[in-house]
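Letter by letter, the chains look like this.
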Amino acid sequence: MRVIGDIVRLNAKRCPDKKALIMGNDSLTFGQLNSQVNQLAHGLISIGVGSGDRVVILAYNCLECVVINYAVAKCGGVVVPANFRYKKDELVYLVNNSEPTVLLFGPEFASLVEEAKSEFSRNIHLIPISGDPVESTLTLRSLMNGRAGSEPHVEIDPAAAFTITYTSGTTGAPKGVLASHSAFLNIYQGMVVEGDLQPEEITLVNLPLFHTGGMHALVQPTLVRGGTAVIMGKGFDPDNVLDAVTRYGVTMTMWVPTMLAMLVNHPNVTRCDVSSLEKIWYGSSAISPPVLEAAQDVFKTRFYQWYGQ
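Keep in mind the model is a prediction, meaning the values are calculated, not measured.

Draft legend 1. Region of interest: the overall build of the chain. Check the secondary structure of the chain and you find eleven helices and 13 strands. In terms of C-alpha radius of gyration, the chain reaches 19 Å, essentially the compact-globule figure of 19 Å for 309 residues. Its C-alpha atoms put the chain at 55 × 45 × 35 Å along the principal axes. Taking all 309 residues of the chain together, the buried fraction comes to 54%.

What follows is the structure in structure tokens.
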């Protein structure tokens, strides 16, 4: 693997019928995922997305977020994930600072995009991930319809930027941090090795996909290994989480300390079958010894502490 698009391209050859992504009752095999990625890549190329062009994604967790990430990567474009908690001024700042060619947004953000677009400093394609078009006839589906599922013929430099991730901006305006294809592939390899990820992994993804933790610490390393990522929607509901572990036979997940505290104090935690869990990754903040000890007692599995910068 040299570039991000190789993850789905190679797995579509190795295990085309294996489930890559699951969300609720929907799923995509590696073959289906790569085909959709290629269709969208061809669609994005048709509206001018090319090497170095930025594509903003503003959406709650959904299967389409993963498809878009890979499709932009295969165009040679740069993914700009937007925090779904942004208000108008924050979205305007991110768009004007990153200067994207396209903004793809979930249906929940249609009114926010409509409110903000007059302050964008340039004309960009505003494309809903689902629902009705806001301009012309462009939707995510219309971009994909009729497109070839074959690989786009685009040469990608492994050292080229794959994402621009914006910092929280707690001490000033958020800064866009560029990271390359090769940088992320190296990170994924390190997480696979140090986190003991296996091809049979079924990973529960509770973290937002706009965040490095959701997309780049969970989904991508799992797919690199040929495992299956089970994606959860917005919010953290202990009952839904525990049900998902049982329903899908989840083997691995990452829960931040506040999530672990909610789970170990939840009345139903001891009634649920969580025996499939082989490892729990945790990080993002300090964990208190009582919470860690309680979590180890409840889940009786291996715990891995992560630090990311």
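Picking up after the structure, the text goes on.
Draft legend 2. Structural context of the packing of aromatic side chains. Under the definition given, this model contains eight aromatic pairs. Aromatic pair Y60 and F109: ring centres 4.9 Å apart, planes at 55 degrees, arrangement tilted. Remark: F109 occurs in the loop between β5 (102-105) and α5 (110-116) and Y60 occurs in the loop between β3 (54-58) and α3 (63-75); sequence separation between them is 49 residues. We classify Y60 as partly exposed; its relative accessible area is 21%. Ring geometry for F162 against F184: centres 6.0 Å apart, planes inclined by 90 degrees, an arrangement best described as edge-to-face. Here F184 lies in helix α7 (residues 181-194) and F162 lies in strand β7 (residues 161-166), a separation of 22 residues in the sequence. The exposure classification of F162 matches that of F184, with both residues buried. Grouped by ring-pair contacts, the aromatic residues Y60, F84, F109 and F210 constitute a single cluster.

Draft legend 3. Layout of unusual backbone geometry. A positive phi is found at D196, a non-glycine position, where the angle reads about 60 degrees. Position of D196 relative to the elements: it lies in the loop between α7 and β9 (202-205).

Draft legend 4. Main features of the sheet that holds strand β13 (residues 302-306). Taken in spatial order, the seven strands of this open sheet run β2-β1-β10-β9-β11-β12-β13, and their pairing is mixed. Edge positions in the sheet fall to β2 (26-29) and β13, since each has one partner strand and no second. Taking each pair of neighbouring strands and ignoring which way they run, the sheet shows an average axis angle of 20 degrees. Sheet topology note: the β9/strand β10 (residues 228-231) ladder contains four bridges and is parallel. Within β10, the residue paired with L204 across the bridge is V230.

Draft legend 5. Layout of helix α4 (residues 88-98). Looking at α4, one finds that the buried residues are L91, V92, L94, V95 and S98. Each buried residue of α4 sits inside an arc of 165 degrees when the element is viewed along its axis, so together they form one side. The inward-facing, buried residues of α4 abut β3, β4 (78-81), α5 and β7. Residue E99 follows α4 closely and has a positive phi angle near 50 degrees.

Draft legend 6. The pairing of β13, seen in detail. Of the strand pairs in this sheet, strand β12 (residues 279-283) and β13 are connected by five bridges, and their pairing is parallel. Bridging from a neighbouring strand, G283 pairs with W306 of β13.

Draft legend 7. Structural view of helix α9 (residues 238-248). Every buried residue of α9 is accounted for by P238, V241, L242, A244, V245 and Y248. Angularly, the buried residues of α9 cover 155 degrees about the axis, an arc narrow enough to put them on a single face. Where the residues of α9 are buried, they touch β1 (19-23), β9, β10 and α10 (257-264). Just beyond α9, the residue with positive phi is G249, at close to 65 degrees.

Draft legend 8. Expanded view of the environment of Y307. Along the polypeptide, Y307 turns up in the segment after β13. What makes Y307 exposed here is its relative accessible area of 71%. Along the chain, Y307 and S284 lie 23 residues apart, while their C-alpha atoms are 6.7 Å from each other.

Draft legend 9. Here's a closer look at the pattern of salt bridges. Evaluated as defined, the whole model comprises seven salt bridges. Of the charged contacts in the structure, one is a salt bridge between E151 and K74, with a shortest N-O distance of 2.8 Å. With E151 in the loop between α6 (140-144) and β7 and K74 in helix α3, this residue pair connects regions lying 77 residues apart in the sequence. The class for E151 is partly exposed, based on a relative accessible area of 25%. What emerges from the salt-bridge pattern is a single network uniting E201, E278 and K279.

Draft legend 10. Representation of the environment of P128 in the model. Topologically, P128 is positioned in strand β6 (residues 125-128). Residue P128 is classed as buried on the basis of its relative accessible area, which comes to 1%. Sequence separation between P128 and I156 is 28 residues, and the spatial gap between their C-alpha atoms is 27 Å.

Conventions and cut-offs
- Positions within a chain are numbered from 1, following the residues in the order the chain's sequence is written.
- Confidence filtering applies because this is a predicted model: local features only for residues at pLDDT of at least 70, side-chain atom pairs given and counted only at 80 or more, and all residues used for totals across whole chains, interfaces and linings.
- Only hydrogens and water are set aside; all other atoms, that is, all heavy atoms of the structure, feed into the side-chain values.
- Only DSSP runs of H or I with at least four residues qualify as helices, and only runs of E with at least two residues qualify as strands; both kinds are numbered from the N terminus onward.
- Every radius of gyration here is taken over C-alpha atoms, with the globule rule written as 2.2 Å times N^0.38, N being the number of residues.
- Only protein chains enter the calculation, and the probe is 1.4 Å; a residue is then buried if its accessible area is under 20% of its type maximum, exposed if over 50%, and partly exposed in between.
- Paired rings are identified among Phe, Tyr and Trp, the last through its six-membered ring, by centres lying within 6.5 Å, and are further divided according to the angle between planes into stacked (under 30 degrees), edge-to-face (over 60) and tilted (the rest).
- Only when DSSP finds a minimum of two bridges between them are two strands counted as paired.
- Here an angle of 0 to 180 degrees is reported between the N-to-C directions of two axes, which are lines fitted to C-alpha atoms, with helices fitted over the stretch in contact.
- Each direction from the helix axis to a C-beta atom contributes to the arc, which is the arc of those directions.
- Any two residues whose heavy atoms approach within 4.5 Å are treated as being in contact.
- We define a salt bridge as a side-chain nitrogen of Lys or Arg found within 4 Å of a carboxyl oxygen belonging to Asp or Glu.

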